[in-house]
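Topology and contacts: notes
Spelled out from the first residue to the last, the chains are:
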Amino acid sequence: MKYSVLDLAPVPEGADVAQALKNTTDLAQMAESAGFHRYWMAEHHNMPGIASAATSVLIGHVAAHTKTMRVGAGGIMLPNHAPLAIAEQFGTLAALYGDRIDLGLGRAPGGDQAVYHALRRTGSDDFPGDVAELLGYLGAPRENAPVRALPGEGSHVPVWILGSSLYGAQLAAHFGLPYAFASHFAPDALEQAIDVYRRTFRPSEHLAQPHFMLAANVFAAQTDAEGAYLRTSMQQAFARMRTGTRGKLPRPVEDIDATIGAPVRRSVDQMMRVSATGSPSSVRHELAGLIAQYKPDEVILTSQIHDHDARKRSLAIAAEVMASMKPAGLVTA
């Protein structure tokens, strides 16, 4: 089973954006050497703790500092952009780096309404129409078309639909595209979405059969206690999001209940329940359980960990665990 990385380019407390981007480059190179298949980054705006707002720029930087691993967006929030502009950006990336570029699309704004206004987006709210337009720009050359993506046309950059609800599942099935579910923070509709996607999938020129990617958090370390300690940074970050508090990725704490309160921690843990935490054996057991339960075709892992070296170790452990698994009856792409 292919395993990949989702990197939000976190900005830890005590660091700045420049350091966060250096960390991303270093992590991507480690991920490539560890056997990860894809390295995806996501578009978020107006968030001090995330440095991947200019997602296509960062994808180009990571692609330039790696050699074989696929690099892409997980994802581009298409309502923020004209489809033509995204086709040109990713067509340029494909021209530079060949068949290594992925384009995952989401329909959330990647920020609040103030962000949407600041991005000057007052036009189409037709996400399916925008996806169809974008696919047309990236497809076979249309020499008589009044508008062409140059570069872009003929690049056939692989397009994914991302989502955390049934809407994305239905759309991916309709277009015959691969589907990635944001189960690392919004798992409530996961089982329904997988069922809808696989049951209603329509084969297309892009994909002959459904291909589903599961997203999971990983907080791997040498011991269960250390893994739980590393996890507290993400627990705090989610707790702050619930109150609308923006900030950098918090330092871990020894007592998470004393920091955010047990009721909030339980709620956050529900959001983060598609996770694997602890020692290599614990991470292996938990990832194997998730794979057995949801039967993904592919897994993408994210480690939102304050210390960069600890984050590298977490993903290196996860890679070793995934490489050693041979689940029966699973389809690989």
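Residues numbered from 1 in each chain as written. Predicted model: local features only at pLDDT ≥ 70, side-chain atom pairs only at ≥ 80, totals over all residues. Heavy atoms only, no water.

All right, on to the overall build of the protein then. For the protein, the count of helices and strands is 12 helices and 9 strands. For the protein, the C-alpha radius of gyration of 19 Å lies close to 20 Å, the compact-globule estimate for 333 residues. On the principal axes, the C-alpha backbone points of the protein span a range of 65 × 45 × 35 Å. Sorting the 333 residues of the protein into buried and exposed places 53% on the buried side. Long-range pairs, those at least 24 residues apart, make up 73% of the contacts in the protein with a sequence separation of at least 6. Positive and negative side-chain charges of the protein, numbering 29 and 32 respectively, have mean locations separated by a distance of 1 Å. (Helix = DSSP H or I, 4+ residues; strand = E, 2+ residues; numbered from the N terminus. Rg over C-alpha atoms; globule rule 2.2 N^0.38 Å. Buried < 20%, exposed > 50% of the residue type's maximum accessible area, 1.4 Å probe, protein only. Contact = heavy atoms within 4.5 Å. Lys, Arg positive; Asp, Glu negative; His and termini not counted. Charge placed at Lys NZ, Arg CZ, Asp CG, Glu CD.)

Our next topic: the pairing of strand S5 (residues 159-163). Buried residues dominate S5, accounting for 5 of its 5 residues. Burial along S5 is two-sided: the face carrying Val159, Ile161 and Gly163 and the face carrying Trp160 and Leu162 are both buried. Bridge analysis of strand S4 (residues 101-106) against S5 gives 3 bridges, and the strand direction is parallel. Bridge pairing in S5 links Leu103 to Val159. (Pairing = 2+ DSSP bridges.)

With that settled, the discussion passes to the nonpolar core. By size, the foremost hydrophobic cluster in this structure holds 77 residues, and its most contacted members are Leu103, Val131, Leu287 and Leu301. Contact partners of Val131, with chain neighbours within four places excluded, come to Leu78, Leu105, Ile161, Leu171, Phe175 and Leu177. Core analysis: the second largest hydrophobic core is formed by 13 residues, Phe219, Met234, Phe238 and Ala310 among them. (Core = buried A, V, L, I, M, F, W, Y, C linked by side-chain atoms within 4.5 Å.)

Okay, the side chain of Thr66 next. If you trace the backbone, Thr66 turns up in the loop between helix H2 (55-64) and strand S3 (70-77). By relative accessible area, which is 7% here, Thr66 ends up buried. When sequence neighbours within four positions are dropped, the list of residues in contact with Thr66 reads Ala28, Gln29, Glu32, Val71 and Arg100.

For helix H5 (residues 127-138), built from 12 residues, the straight-helix expectation of 16 Å at 1.5 Å per residue is met to within 8% by its first-to-last C-alpha distance of 17 Å. What H5 keeps buried is the set Phe127, Asp130, Val131, Leu134, Leu135, Tyr137 and Leu138. On an axial view of H5, the arc spanned by its buried residues comes to 160 degrees, and they lie on one face. Residues of H5 that are buried sit in contact with helix H3 (83-97), S4, S5 and helix H6 (166-175). The opening residue of H5 is Asp126, an N-cap whose side-chain oxygen sits 3.0 Å from the backbone nitrogen of Gly129. (Expected span 1.5 Å × (residues − 1). Arc of directions from axis to C-beta. Polar contact = N/O pair within 3.5 Å; in protein donor to acceptor, adjacent residues only side chain to side chain.)

What follows concerns helix H11 (residues 280-294). Helix length check: H11 (15 residues) gives 21 Å between terminal C-alpha atoms against 21 Å at 1.5 Å per residue, within 8%. Among all positions of H11, only Ser282, Val283, Leu287, Leu290, Ile291 and Tyr294 are buried. For H11, the angular spread of the buried residues around the axis is 160 degrees, confining them to a single face. Every exposed residue of H11 that faces more than 90 degrees away from the buried side is listed here: Ser281 and His285.

Next up on the list: the packing of aromatic side chains. Under the counting rule described, the total for this entry stands at 6 aromatic pairs. Each ring, one from Tyr3 and one from Phe36, has its centre 5.1 Å from the other, and the planes form 80 degrees; the classification is edge-to-face. Placement of the pair is Tyr3 in strand S1 (residues 2-7) and Phe36 in the loop between helix H1 (17-33) and strand S2 (38-41), with a sequence separation of 33 residues. Like Tyr3, the residue Phe36 is buried in the burial classification. Here Tyr179 and Tyr197 contribute two aromatic rings whose centre-to-centre distance is 5.3 Å and whose plane-to-plane angle is 45 degrees, an arrangement assigned as tilted. Of this pair, Tyr179 sits in strand S6 (residues 179-181) while Tyr197 sits in helix H7 (residues 190-200), and the two are 18 residues apart along the sequence. One aromatic cluster is present, built from ring pairs that chain together Tyr179, Phe181, Tyr197, Phe201 and Phe212. Here the guanidinium or amino end of Arg107 rests over the ring plane of Tyr167, the centre of that ring lying 3.8 Å away. (Phe/Tyr/Trp six-rings, centres within 6.5 Å; stacked < 30°, edge-to-face > 60°. Lys NZ or Arg CZ within 6 Å of the ring centre and 35° of its normal.)

Before going further, it helps to examine the confidence of the model for the protein. Chain-level statistics for the protein give a pLDDT mean of 94 and a share of 95% at 70 or above. Here residues 328-333 is a poorly scored stretch, pLDDT under 50, and it has 11 contacts once near neighbours within four places are set aside; other chains count. (pLDDT = per-residue confidence, 0-100.)

Turning our eyes to something else, we now look at unusual backbone geometry. Note that the residue after Gly74, namely Gly75, is joined by a cis bond; omega there is 5 degrees. Cis rather than trans, the peptide bond between Leu150 and Pro151 has omega equal to 0 degrees. Looking at the secondary structure, you find Pro151 in the loop between H5 and S5. Positive phi, close to 50 degrees, is recorded for Ala9, a residue that is not glycine. Relative to the helices and strands, Ala9 is located in the loop between S1 and H1. Phi is positive for Asn46, which is not a glycine, with a value near 60 degrees. Looking at where Asn46 falls in the secondary structure, it is placed in the loop between S2 and H2. When its relative accessible area of 49% is taken as the criterion, Asn46 is described as partly exposed.

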